[in-house]
Amino acid sequence: MTETATRHLYLARHGEASEDETTLTESGRRQAVLLGERLRSTPLSAIHHGPLPRARQTARLIGEQLDAVPLHQSEHAGDYVPYEPTREELPPDAADTMLGFLAQVPEEERDRGPALAREAVAAFTGPVDGDRPRHELVVTHNFLIGWLVRAALDAPEWRWMGLNHANAALTVIRYAPGRASSVLFYNDMRHLPPELRWTGFPPELHV
């Protein structure tokens, strides 16, 4: 039997992006640097990131604050719909709003999403082979973070919706051999000053 060890999965949404999403704003760059500074004492073995500029730039800025942690671009760390629910799965009073939101997402992101989501779960979750714990960071997008948190909690597949993540906030999930996966913390912004928190959220959700 292969020996396995604990994986700590660190999840971060990219920093605040420009309106056309081609680059980070100045606030987004500051967010990424501050997140990197927070992670300096974390024994990260790798930083994975999606292919879009906002994720790639965020990962690079985080990496610049660390000591030679390798960066890996992964398509399954990208921006896509991981699961498209049917109306029957959703709460009746919220179904119209939720399905209307998904209808605005480009068809390609909806069609390719489930396969990429399966790849992400296979690549990033569960205990790791060997006898040494592993710490990995994935710089990604709101949808995938919601999907991985939902999976860690064994929640219904549609429940990735409504799990929102602020720019450059941090979530950590622990996968230990012989134990249920555990969300250690979610959407943590303690490394950001007040003026850089809650970006990526509509104002009515700021708390």
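This text follows the structure it describes.
This write-up is about the structure you can find in this document. (Residues numbered from 1 in each chain as written. Predicted model: local features only at pLDDT ≥ 70, side-chain atom pairs only at ≥ 80, totals over all residues. Heavy atoms only, no water.)

### Structural notes on the environment of Arg38
Move 1: Residue position: Arg38 is located in helix α1 (residues 26-38).
Move 2: Judged by relative accessible area, which is 22%, Arg38 ranks as partly exposed.
Move 3: Separated by 24 residues in sequence, Arg38 and Ile62 have C-alpha atoms that sit 9.4 Å apart.
Move 4: In this structure Arg38 touches Leu170, Phe185, Asp188, Arg190 and His191, once residues within four positions along its chain are discounted. (Helix = DSSP H or I, 4+ residues; strand = E, 2+ residues; numbered from the N terminus. Buried < 20%, exposed > 50% of the residue type's maximum accessible area, 1.4 Å probe, protein only. Contact = heavy atoms within 4.5 Å.)

### Examining the nonpolar core
Here is a general trend for soluble globular proteins: nonpolar side chains tend to be buried in one another's company.
Move 1: Judged by nonpolar contacts, the single largest core of 28 residues is most densely connected at Leu9, Leu11, Trp147 and Trp160.
Move 2: If one sorts the elements of this core by residue count, helix α5 (residues 142-152) sits on top with seven residues.
Move 3: Excluding anything up to four places from it in sequence, Leu11 contacts Leu137, Val138, Ile145, Leu148, His165, Ala169, Leu170, Thr171 and Ile173.
Move 4: Within the second largest apolar cluster, 18 residues are counted, among which are Ala12, Ala55, Val69 and Leu137. (Core = buried A, V, L, I, M, F, W, Y, C linked by side-chain atoms within 4.5 Å.)

### Here we look at unusual backbone geometry
Move 1: Although it is not a glycine, Ala68 sits at a positive phi angle of roughly 60 degrees.
Move 2: Of note, Ala68 is situated in the loop between α2 (53-64) and β4 (71-73).
Move 3: Residue Ala68 is classed as exposed on the basis of its relative accessible area of 70%.
Move 4: One non-glycine residue, Ala168, lies in the positive phi region at around 60 degrees.
Move 5: Its location among the elements puts Ala168 in the loop between α5 and β7 (170-175).

### As for the side chain of Asn167
Move 1: The topology assignment puts Asn167 in the loop between α5 and β7.
Move 2: Look at Asn167 and you get buried, because its relative accessible area is 3%.
Move 3: At a separation of 3.2 Å, a polar atom in the side chain of Asn167 contacts the main-chain amide nitrogen of Gly200.
Move 4: Leave out the neighbours within four places in its chain, and Asn167 touches Arg13, His14, Gly15, Glu16, Gln31, Leu192, Thr199 and Gly200. (Polar contact = N/O pair within 3.5 Å; in protein donor to acceptor, adjacent residues only side chain to side chain.)

### Some points on the pattern of salt bridges
Move 1: A complete count under the given rule lists 13 salt bridges for this structure.
Move 2: Of the charged contacts in the structure, one is a salt bridge between Arg110 and Glu84, with a shortest N-O distance of 3.4 Å. Taken together, the positions of Arg110 in helix α4 (residues 107-124) and Glu84 in the loop between β4 and α3 (95-103) put the pair 26 residues apart, joining distant regions of the chain.
Move 3: A salt bridge links Glu136 to Arg134, with the nearest nitrogen and oxygen atoms 3.9 Å apart.
Move 4: Using a relative accessible area of 31% as the deciding quantity, one classes Arg134 as partly exposed.
Move 5: Salt bridges sharing common partners tie together Arg7, Arg134 and Glu136. (Salt bridge = Lys/Arg side-chain N within 4 Å of Asp/Glu carboxyl O.)

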